[in-house]
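Examination of the molecular architecture
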Amino acid sequence: MKYLIATTLLTAASAFSPASTRSVVSRTTQQTSTSSLDSSKCGNYDYDVIIVGCGVGGHGAALHSRAQDLSTAIFSGADVGGTCVNRGCVPSKALLAASGRVREMQAENHLSEFGITVDGEVKFDREGVANHAKQLANKVKGNLEGSLTALGVDIVEGRGVLTGKVNEVKDDASGKVYTAKVSC
């Protein structure tokens, strides 16, 4: 019983170890065999893993998948970074930072404590502030996309739609169906 539990734990743990160190040694045969993650011979398929959505969660899943040396595709829906990077967290924080700077520069009493005097009115350009937020979001988006590409993740620009089959995802734009590996 102890042997069975130890073998099961070793096999389960090997699924999360880097591919170069992933092997299971059988006590009875004293041979090394590769795990099912290494043997990609379970039929025809396009990728080991397909991820729908390229927001923060999808990006993290793709990084983990590649760390396990699995072939990976991610559907971005033409929105690498998702809502957080493109319309939510990143641009809103850039806008808040800009408004905070204006507020600080208008606080004459606070500035005078630092020996700073502002002569005249502190002004801001709404379009300039918005452009700054957009540039920052685009930079973060580019960094995310670059990290995925550098790791060998295929980015599908279309929106991923589930077909009803457990291993298929359809590109809504092109109609192409991508298949993922199913455990053998």
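Worth saying up front: this structure is predicted, and the values here are computed from it rather than measured. (Residues numbered from 1 in each chain as written. Predicted model: local features only at pLDDT ≥ 70, side-chain atom pairs only at ≥ 80, totals over all residues. Heavy atoms only, no water.)

1. Concerning the overall build of the protein
Counting its regular elements, the protein contains 6 helices and 8 strands. Secondary structure elements of the protein, listed N to C terminal, follow the sequence α-β-β-β-α-β-α-α-α-α-β-β-β-β. A total of 184 residues make up the protein; the buried ones form 29% of that total. Within the protein, contacts between residues separated by at least 24 positions form 55% of all contacts whose residues are at least 6 apart in sequence. Carbon and sulfur atoms make up 56% of the accessible area of the protein, which amounts to about 12100 Å² in all. (Helix = DSSP H or I, 4+ residues; strand = E, 2+ residues; numbered from the N terminus. Buried < 20%, exposed > 50% of the residue type's maximum accessible area, 1.4 Å probe, protein only. Contact = heavy atoms within 4.5 Å. Areas by Shrake-Rupley, 256 points an atom, 1.4 Å probe, with all protein chains shown as cover.)

2. Focus: the packing of aromatic side chains
When we look at a pair of aromatic rings, we describe it by the centre distance and by the angle of the planes. Applying the stated rule across the entire model yields 2 aromatic pairs. Ring geometry for Tyr47 against Tyr178: centres 6.4 Å apart, planes inclined by 35°, an arrangement best described as tilted. Of this pair, Tyr47 sits in the loop between strand E2 (32-33) and strand E3 (49-52) while Tyr178 sits in strand E8 (residues 177-179); the two residues are 131 residues apart in sequence, bridging distant segments of the chain. With respect to class, Tyr47 is no different from Tyr178; both count as buried. With a centroid separation of 5.5 Å and an interplanar angle of 85°, the aromatic rings of Phe75 and Tyr178 are classed as edge-to-face. Taken as a pair, Phe75 in strand E4 (residues 72-75) and Tyr178 in strand E8 lie far apart in primary sequence, 103 residues in all. (Phe/Tyr/Trp six-rings, centres within 6.5 Å; stacked < 30°, edge-to-face > 60°.)

3. A look at the pattern of salt bridges
Working definition: two side chains of opposite charge can pair if their charged atoms are close together. Taken as a whole and judged by the stated rule, the model has 2 salt bridges. Residue Arg87 is joined to Asp79 by a salt bridge in which the shortest nitrogen-to-oxygen separation is 3.1 Å. Between Asp172 and Arg159 there is a salt bridge, and its shortest N-O distance comes to 3.1 Å. Within this pair, whereas Asp172 is found in the loop between strand E7 (168-171) and E8, its partner Arg159 is found in the loop between strand E5 (154-156) and strand E6 (160-162), the two being separated by 13 residues in sequence. (Salt bridge = Lys/Arg side-chain N within 4 Å of Asp/Glu carboxyl O.)

4. Digging into the side chain of His59
Mapped onto the secondary structure, His59 falls in helix H2 (residues 56-67). Under the relative-accessibility criterion, His59 is labelled buried at 11%.

5. With respect to the sheet that holds E8
Sheet architecture is open: 3 strands sit in the order E6-E7-E8, paired in antiparallel fashion. Strand pairing shows two members of the sheet lacking a second neighbour, E6 and E8, which therefore form its edges. Shown here is a sheet whose adjacent strand axes are inclined to one another by a mean of 35°, direction ignored. Where E7 meets E8, 3 bridges bridge the pair, whose relative direction is antiparallel. Opposite Val169, over in E8, you have Tyr178 as the bridge partner. (Pairing = 2+ DSSP bridges. Axes fitted to C-alpha atoms, helices over the stretch in contact; angles between N-to-C directions.)

Fair warning: the whole summary comes from geometry, so function is off the table for now.
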